[in-house]
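# An overview of the molecular structure
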Amino acid sequence: PLLLTSEVAYLVDPYLDPLSPDVENFLLEIFRVINGSRCHSIEIITRRGTCGGRGSRDPRSWMPEAEIDEALRRVYAERVPKKRQLVVHLVTQTWDPSWEQRIHDRFFLTRHGGLFFLDSFHFAPKKKATVNAGALDRVHHDTLKKMYIEEKLKAEIAAEYLAKK
C-alpha cells in the first residue's frame, strides 16, 4: 500500500546500481506495478561510486557523469511509463565514519512510512530464501524522512539524473 498510495517512493541503498541488469528489471517491475496509481516518481539515493558497477571510493575510477547520464537515458527514457519518472541522486561519499553510518543501511521510504532492509533488496535468485526487513517505527521514519526526503542530503548530492517520458 505505501508504494501505491504515495506520490513518491525512495530507494536508499549505497550499493544500488541503477545500471545493473538486476536493478533495471526490479525498477521496471516497480513501474509496472505503480502504473495507474498515485505514485508518479521513484527516486534512488545511492553512492556516486556505485553507479556503473565500479563500486569504488576512489573518484578516479568512477564512471564519468556524462557517461552515467547517457547510460541512464539509454536504459530508462523510453521504458518509464508516461506520467512517471525515475530520479537518481548520486551522493559523493568521502571516508567519514559518521557519513558511512548514514548511508550504510537500506530503506524503502515514502512520506507516510517505510521499511528497512539489512541485506539489500536481493534482486538475483540466491540460496538464502529470506530477507531481513521490517517496518520503520514512527521516530525512525521521521528522522529518515527529514534526512532523505525533506533535506535530500543537499550538501552531499553530487549529481541528479532524471529519466522521464
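Further remarks concern the overall build of the protein chain. Tallying secondary structure elements over the protein chain gives five helices and seven strands in all. The linear arrangement of helices and strands in the protein chain, starting from the amino end, is α-β-α-β-α-β-α-β-β-β-α-β. Of all 165 residues assigned to the protein chain, the portion counted as buried reaches 48%. Look at the contacts in the protein chain between residues 6 or more apart in sequence, and 75% of them connect residues 24 or more apart.

Turning our eyes to something else, we now look at helix H5 (residues 138-150). Across its 13 residues, H5 extends only 16 Å between first and last C-alpha, which sits more than 12% below the 18 Å expected from 1.5 Å per residue. At Leu144, H5 is bent by approximately 30°, the largest bend along its length. Looking at where H5 begins, the residue whose side-chain oxygen comes 3.1 Å from the main-chain nitrogen of Val139 is Asp137.

Before going further, it helps to examine the packing of aromatic side chains. Summed over the entire model, instances satisfying the criterion amount to one aromatic pair. Ring centres 6.3 Å apart and planes at 45° place the aromatic pair Phe107 and Tyr148 in the tilted group. Linking Phe107 in strand S4 (residues 106-109) with Tyr148 in helix H5, this pair joins segments that are 41 residues apart in sequence. The class of Phe107 is buried, set by a relative accessible area of 3%.

Any segment with low pLDDT has predicted coordinates that should not be analysed in fine detail. In the predicted model, the protein chain carries a mean pLDDT of 81, and 74% of its residues have values of at least 70. The secondary-structure element of the protein chain with the lowest mean pLDDT is helix H4 (residues 97-104), recorded at 52, while strand S1 (residues 8-12) shows the highest, at 94.

Moving on, we get to unusual backbone geometry. In this structure, Lys83 is a non-glycine residue whose phi angle is positive, near 65°. Within the secondary structure layout, Lys83 lies in the loop between helix H3 (65-76) and strand S3 (85-91).

On to the nonpolar core. Leu3, Leu11, Leu27, Ile42, Tyr76 and Leu86 are the most contacted members of the largest nonpolar core, which totals 27 residues. For this core, the secondary-structure elements that each account for two or more residues are S1, helix H2 (21-34), strand S2 (41-47), H3 and S3. Of the residues forming this core, the biggest block, six residues, is contributed by H2. Val12, Met147, Tyr148 and Ile149 belong to the second-largest nonpolar core, a separate cluster that totals twelve residues.

Take the pairing of S3 next. Counting buried positions along S3 yields seven of seven residues, so the element is predominantly enclosed. Burial along S3 is two-sided: the face carrying Gln85, Val87, His89 and Val91 and the face carrying Leu86, Val88 and Leu90 are both buried.

Attention now goes to the pattern of salt bridges. Following the criterion strictly, the structure yields seven salt bridges and no others. Arg79 is paired through a salt bridge with Glu24; the nearest N and O atoms lie 2.3 Å apart. One end of the pair, Arg79, is in the loop between H3 and S3; the other, Glu24, is in helix H2, and 55 residues separate them in sequence. Glu24 gets classed as buried once you look at its relative accessible area, which sits at 15%.

On to the side chain of Ser37. Within the element layout of this structure, Ser37 appears in the loop between H2 and S2. Overall, Ser37 belongs to the buried group, its relative accessible area being 19%. Among the polar contacts made by the side chain of Ser37, one reaches the main-chain amide nitrogen of Cys39 at a distance of 3.2 Å. Ser37 has contacts with Leu4 and Arg84, leaving out every residue within four places of it along the chain.

Conventions adopted
- Residues numbered from 1 in each chain as written.
- Predicted model: local features only at pLDDT ≥ 70, side-chain atom pairs only at ≥ 80, totals over all residues.
- Heavy atoms only, no water.
- Helix = DSSP H or I, 4+ residues; strand = E, 2+ residues; numbered from the N terminus.
- Buried < 20%, exposed > 50% of the residue type's maximum accessible area, 1.4 Å probe, protein only.
- Contact = heavy atoms within 4.5 Å.
- Expected span 1.5 Å × (residues − 1).
- Bend = angle between axes of the 7 residues up to and from the residue.
- Polar contact = N/O pair within 3.5 Å; in protein donor to acceptor, adjacent residues only side chain to side chain.
- Phe/Tyr/Trp six-rings, centres within 6.5 Å; stacked < 30°, edge-to-face > 60°.
- pLDDT = per-residue confidence, 0-100.
- Core = buried A, V, L, I, M, F, W, Y, C linked by side-chain atoms within 4.5 Å.
- Salt bridge = Lys/Arg side-chain N within 4 Å of Asp/Glu carboxyl O.

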